[in-house]
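A closer look at the structure
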Amino acid sequence: MNQNVIFVDQETWNGERQAVLFMAQQGGALIPCWVGLEWLQNHSDTRLEEEAQILLCFSQSRFDLEDLAETAIDNESFNDQGEIIIN
């Protein structure tokens, strides 16, 4: 794992965006990373409806998501708002 990217051990469900927000830090800058509900459901092969279920699934997928986000950060695959989106 690249030591230039550090992930904060905190995640938040955003019902409006239907995605979980988790934060990365690189060079002192915070980078918002989002993973969509669809990705979580596909990855877990489970229909997720409750926030607690969604966050548990995120937690169980955290290492995979951090690897994906780290690769996207290294490749500078940011959207217009400076976010990383995992779909």
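Scroll up to find the structure this text is about.
Structure report, in brief.

The rules behind each value
Residues numbered from 1 in each chain as written. Predicted model: local features only at pLDDT ≥ 70, side-chain atom pairs only at ≥ 80, totals over all residues. Heavy atoms only, no water. Salt bridge = Lys/Arg side-chain N within 4 Å of Asp/Glu carboxyl O. Helix = DSSP H or I, 4+ residues; strand = E, 2+ residues; numbered from the N terminus. Buried < 20%, exposed > 50% of the residue type's maximum accessible area, 1.4 Å probe, protein only. Phe/Tyr/Trp six-rings, centres within 6.5 Å; stacked < 30°, edge-to-face > 60°.

Examining the pattern of salt bridges
- This model, assessed by the stated rule, comprises five salt bridges.
- For R62, the salt bridge is made with E11, and the minimal N-O distance between the two is 2.3 Å. With R62 in helix α2 (residues 51-74) and E11 in strand β1 (residues 5-14), this residue pair connects regions lying 51 residues apart in the sequence.
- Since its relative accessible area comes to 25%, E11 is described here as partly exposed.

Some thoughts on the packing of aromatic side chains
- As enumerated under the stated definition, the model contains two aromatic pairs in all.
- Measuring from ring centre to ring centre gives 5.1 Å for F22 and F58, while their planes differ by 55°; the resulting arrangement is tilted. With F22 in strand β2 (residues 19-26) and F58 in helix α2, the pair connects residues that are 36 residues apart, well separated along the chain.
- Using a relative accessible area of 0% as the deciding quantity, one classes F22 as buried.
- Using a relative accessible area of 0% as the deciding quantity, one classes F58 as buried.
- Through a chain of ring-to-ring contacts, the aromatic side chains of F7, F22 and F58 assemble into a single cluster.

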